[in-house]
Amino acid sequence: MSDILIVDDERDIRELVSDILQDEGYGTRLAGNSDDCMAAINAEPPALLVLDIWLKDSRMDGIDILKAVKRDNPDVPVVIISGHGNIEIAVAAIKQGAYDFIEKPFNIDQLLVVIRRAMETSRLRRENSALRNRDASVADMIGNSAAFRGLIGNLDKVTKSNGRVMLTGPAGSGKEIAARYIHAHSSRANAPFVTVNCASIEPDRMEEVLFGRETAGRGVEPGLLEQAHGGVIYFDEVADMPLGTQSKILRVLVDQQFQRVGGNDKVRVDLRVISSTNRNLEEEIRAERFRQELYHRLNVVPIAVPSLEERREDIPLLAEHFIQACNASQGLPLRPLSEEAVALMQTMIWPGNVRQLKNLVERVLILGEGTGPIEARELPNDEEKQANDGRVVLSGALATLPLREAREAFEREYLLTQINRFGGNISRTASFVGMERSALHRKLKSLGVVTSSKSGARVAHVEDEATEPTG
């Protein structure tokens, strides 16, 4: 994509333009009619298209070709060649998305100025696209827990296909990063990755944002679907998409084409669709807030993204990654984590999941002093508030129990927390709490604590919970 395609039905003119541009160091290709032009574009999109409006003995004129190029290859700038008396048509072409127009007969200096500017525009668009793709490819997946390895295994299975993927999991668990991982390791890695934040777009603007619009004053304004052509469109929190838009997206998935708001032309797109939600879409369907047909179209390959609670083993790795990222992006100090801080972070409750952990690390680095290790006292700890003299403050519920029941309740919660902290590994738990493994097994049995598999990891829970559904 580094050459210029010159399309004109007059051989002398297209060869003259080609000679001028080759003298300036540009590579060129030539086409004398619409069929040759479209064949050249389909074989390899050019960096720039120089296009005559009138093409004799062709199925399409210059405006038809312009519309097709803006539909299928919107990043290719188009410079229109216009003869005397065609200025109004040339201006109309600008409104359809042409970069500029040149009037015949040519002024060579003017021609070169327009070509240079258009080629610079093309270069910047390619660089911006490359930067977007680079951002997608460096969306780091960090972890080593069984739940994380299970997630990566599932993601790797879908990277080489074009199947639609539905990512489920709580808010902040990393669903968009998982979607970017699929894109970065797929055959579409060099094409766009476009995110549709369904929850943040006003319902009455959703269709314009997705499909784009056509107006007399501003011409064609491509929407997110066109911007994602050839790549991946990611519907973040798809349950928040308005019902009316859902039916139109369903048609896009079936037909791979749509009409812009205010337009009549069909716009063809080649897209891979990845969606995510933190809601139960089957419940949303029963409540008539989500279309069942769309659910079945999007939910071809369901993949669950585990919560941070299900991968507590990964907390030290994630925290260290965020410390390094804050240092690189904001110049915040590279502070290691103390063992006490790690232990506390692995036992904390994380309703905001990985996003909450990232925000906590950033806050500690901003408010902390010095470059020494991050200590446990710097972390918020709502679960085990301590008095100023270091004594543990009992919760109201625990303080009302007799000693034996309070001790059992404490031991049960303490051991549940430690087992889950170590990913269900009983040996590591026994070593940390200072018990023989056999003694720990007896203690767990007496407290009614068991472990079972969930999202590829061993999770501890009270035995009565074992019969509850985990899906």
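Here we summarise the structure given alongside this text. Fair warning: this is a prediction, and the values are worked out from it, not measured in the lab.

**Remarks on the sheet that holds strand β3 (residues 48-52)**
Link 1 in the chain: Read from one edge to the other, the open sheet built from five strands follows the order β2-β1-β3-β4-β5, with strand pairing classed as parallel. A strand with exactly one partner marks an edge of an open sheet, and here the two such strands are β2 (27-31) and β5 (100-103). Here the strands of the sheet are splayed against their neighbours by 20° on average, with no regard to which way each runs.
Link 2 in the chain: Bridge count for strand β1 (residues 3-7) against β2 is five bridges, and the pairing is parallel.

**What to know about the environment of L416**
Link 1 in the chain: With respect to the element layout, L416 can be found in helix α17 (residues 403-421).
Link 2 in the chain: Sequence separation between L416 and T347 is 69 residues; the distance between their C-alpha atoms is 9.8 Å.
Link 3 in the chain: Residue contacts for L416: discarding those within four places in its chain leaves V449, A460, H461 and V462.

**With respect to the sheet that holds strand β14 (residues 301-304)**
Link 1 in the chain: Strands sit in the order β7-β10-β13-β6-β14 across an open sheet of five strands; the sheet is parallel. One side of each edge strand has no neighbouring strand; the edge strands of this open sheet are β7 (193-197) and β14. Geometrically, the sheet is characterised by an average inter-axis angle of 20° between neighbouring strands, direction not taken into account.
Link 2 in the chain: Here strand β6 (residues 165-168) runs beside β14; their pairing, made up of four bridges, is parallel. Counted as the bridge partner of V165 is V301 from β14.

**Some details on helix α14 (residues 339-347)**
Each α-helix turn comprises 3.6 residues. Residues three or four places apart therefore point the same way.
Link 1 in the chain: Buried within α14 are the following residues: A341, V342, A343, L344, M345 and Q346.
Link 2 in the chain: Structurally, α14 contributes buried residues whose contacts are with α13 (315-330), α15 (353-367) and α17.

**Overview of a nonpolar patch on the surface**
Link 1 in the chain: On the surface, F410, Y414 and F432 cluster together into a nonpolar patch covering about 290 Å² of accessible area.
Link 2 in the chain: Within the fold, Y414 resides in helix α17.

**A look at the nonpolar core**
Link 1 in the chain: Of all hydrophobic cores here, the largest spans 32 residues; its most connected members are L225, I233, F235 and I249.
Link 2 in the chain: Counting only elements with at least two residues in this core, the list comes to β7, α8 (206-211), α9 (224-227), β10 (232-236), α10 (243-255), α11 (281-286) and α12 (292-298).
Link 3 in the chain: Sequence-distant contacts of I249, defined by excluding residues within four places in its chain, comprise L210, F211, L225, F235, M241 and L294.

**Some words on the pairing of β10**
Link 1 in the chain: Across the five residues that make up β10, a large majority, five, are buried.
Link 2 in the chain: Judged by which residues are buried, β10 turns out to be covered on both faces: V232, Y234 and D236 on one side and I233 and F235 on the other are all buried.
Link 3 in the chain: Inspection of the sheet shows β7 paired to β10 by five bridges, in the parallel sense. From the neighbouring strand, V194 faces β10, where its bridge partner is I233.

**Things to note about the side chain of D236**
Link 1 in the chain: Secondary-structure assignment places D236 in strand β10.
Link 2 in the chain: Buried D236, no salt bridge; nearest opposite-charge side chain is K175, N-O distance 5.8 Å.
Link 3 in the chain: If sequence neighbours within four positions are ignored, D236 has contacts with T195, V196, N197, C198, A199 and S276.

**Quick word on the packing of aromatic side chains**
Link 1 in the chain: Enumeration according to the criterion identifies four aromatic pairs in this entry.
Link 2 in the chain: Geometrically, the ring pair formed by F211 and F258 is tilted, given 5.4 Å between the ring centres and 45° between the ring planes. One end of the pair, F211, is in helix α8; the other, F258, is in strand β11 (residues 257-259), and 47 residues separate them in sequence. The burial state of F211 is the same as that of F258; both residues are buried.
Link 3 in the chain: Stacked on the ring of F432, the Lys or Arg R421 has its end atom at 4.3 Å from the ring centre.

**Some thoughts on unusual backbone geometry**
Link 1 in the chain: Omega for the bond connecting K104 with P105 falls within 30 degrees of zero, at -10°, which places this linkage in the cis form.
Link 2 in the chain: On the secondary structure map, P105 appears in the loop between β5 and α5 (108-137).
Link 3 in the chain: Phi at E288 is positive, roughly 60°, even though this residue is not glycine.
Link 4 in the chain: If you trace the backbone, E288 turns up in the loop between α11 and α12.

**Details of the pattern of salt bridges**
Pairs may arise between side chains of opposite charge once their charged atoms sit close together.
Link 1 in the chain: Within the structure shown, the criterion is met by 26 salt bridges.
Link 2 in the chain: In this structure, K67 and D265 form a salt bridge, with 3.8 Å as the shortest nitrogen-oxygen distance. A residue pair is termed long-range when its members are at least 10 positions apart, and K67 in helix α3 (residues 62-72) and D265 in the loop between β11 and β12 (266-268) qualify at 198 residues.
Link 3 in the chain: A relative accessible area of 31% means that K67 is categorised as partly exposed.
Link 4 in the chain: A salt bridge links E207 to K248; the shortest N-O distance between them is 2.8 Å. With E207 in helix α8 and K248 in helix α10, this residue pair connects regions lying 41 residues apart in the sequence.

Conventions and cut-offs
Residues numbered from 1 in each chain as written. Predicted model: local features only at pLDDT ≥ 70, side-chain atom pairs only at ≥ 80, totals over all residues. Heavy atoms only, no water. Pairing = 2+ DSSP bridges. Helix = DSSP H or I, 4+ residues; strand = E, 2+ residues; numbered from the N terminus. Axes fitted to C-alpha atoms, helices over the stretch in contact; angles between N-to-C directions. Contact = heavy atoms within 4.5 Å. Buried < 20%, exposed > 50% of the residue type's maximum accessible area, 1.4 Å probe, protein only. Patch = residues over 30% accessible without salt bridge, like charges linked within 9 Å, V, L, I, M, F, W, Y side chains within 5 Å. Areas by Shrake-Rupley, 256 points an atom, 1.4 Å probe, with all protein chains shown as cover. Salt bridge = Lys/Arg side-chain N within 4 Å of Asp/Glu carboxyl O. Core = buried A, V, L, I, M, F, W, Y, C linked by side-chain atoms within 4.5 Å. Lys, Arg positive; Asp, Glu negative; His and termini not counted. Phe/Tyr/Trp six-rings, centres within 6.5 Å; stacked < 30°, edge-to-face > 60°. Lys NZ or Arg CZ within 6 Å of the ring centre and 35° of its normal.

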